[in-house]
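Chain residues, written in single-letter form:
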Amino acid sequence: MVITQCKESPVVQEKMRHSGKSERFRKAFNKNEFDSTLSFTFKVDWEQETKGYSEELETVYYEYLIEPENVNGGETGIKQGRQNKTIYKLIAVEKSGQPEFYVLKLYG
């Protein structure tokens with residue numbers, strides 16, 4: 001699932017360094033499930049996380065940066081220009097004790 005346009009809602013965020021949650025999410029994350037969603041080879045930066053609460057999702061979430069792997073010489077599928085840069089983030093939540101993942105696409 002890709003979340004592209006969410007209505008604005010108050011979000012409380014807290015930057016963290018590698019919590020126990022990030023290790024749990026890293027182990028549960030199946031990169032192959034997102035091959036059809038993301039058109040480029042990527043890795044998730046599990047070391048830097050942002051914890052927040054979303055009223056829209058009605059839960060605490062953890063946010064991780066998705067980094068393209070083939071930046072030097074390969075086509076990433078990510079548009080970058082002076083006024084336009086696309087950023088992807090992995091949103092991880094726990095529903096009924098099980099990790100769920102979403103991709104957030106941001107335009108900057």
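Attention here is on the structure that accompanies the text. All values reported here derive from a predicted model rather than from experimental measurement.

1. Description of the pattern of salt bridges
When their charged atoms lie close together, side chains carrying opposite charge are able to pair.
(1) Moving on: Evaluated as defined, the whole model comprises 6 salt bridges.
(2) Moving on: Among the ionic pairs, arginine 26 bridges to glutamate 23, the shortest N-O distance being 2.4 Å. Taken together, the positions of arginine 26 and glutamate 23, both in helix H1 (residues 20-28) and 3 residues apart, correspond to about one turn of that helix.
(3) Moving on: With a shortest N-O distance of 3.9 Å, glutamate 69 and lysine 31 are connected by a salt bridge. Here lysine 31 lies in the loop between H1 and strand S3 (42-44) and glutamate 69 lies in the loop between strand S5 (59-68) and strand S6 (86-95), a separation of 38 residues in the sequence.
(4) Moving on: We classify lysine 31 as partly exposed; its relative accessible area is 31%.
(5) Moving on: Three or more residues are tied together by salt bridges with common partners; here these are Lys21, Arg24 and Glu94.

2. A few points about the environment of tyrosine 102
(1) Moving on: For tyrosine 102, the location among the structural elements is in strand S7 (residues 98-107).
(2) Moving on: Separated by 39 residues in the primary sequence, tyrosine 102 and glutamate 63 place their C-alpha atoms 9.6 Å from one another.
(3) Moving on: At 2.8 Å, the side chain of tyrosine 102 and the side chain of glutamate 100 are in polar contact.

3. What to know about the pairing of S7
(1) Moving on: Sheet analysis places S6 next to S7, joined by 10 bridges and oriented antiparallel. Along S7, the bridge assignment pairs threonine 86 with tyrosine 107.
(2) Moving on: Taking the residues that link successive antiparallel strands as the turn, the S6-S7 hairpin has 2 residues, and the phi of serine 96 there is positive, at about 55 degrees.

4. Thoughts on unusual backbone geometry
(1) Moving on: Phi is positive for glutamate 58, which is not a glycine, with a value near 60 degrees.
(2) Moving on: One can find glutamate 58 in the loop between strand S4 (48-54) and S5.
(3) Moving on: We note that serine 96 has phi near 55 degrees; this positive angle belongs to a residue other than glycine.
(4) Moving on: Position of serine 96 relative to the elements: it lies in the loop between S6 and S7.

Basis of the calculations
Residues numbered from 1 in each chain as written. Predicted model: local features only at pLDDT ≥ 70, side-chain atom pairs only at ≥ 80, totals over all residues. Heavy atoms only, no water. Salt bridge = Lys/Arg side-chain N within 4 Å of Asp/Glu carboxyl O. Helix = DSSP H or I, 4+ residues; strand = E, 2+ residues; numbered from the N terminus. Buried < 20%, exposed > 50% of the residue type's maximum accessible area, 1.4 Å probe, protein only. Polar contact = N/O pair within 3.5 Å; in protein donor to acceptor, adjacent residues only side chain to side chain. Pairing = 2+ DSSP bridges.

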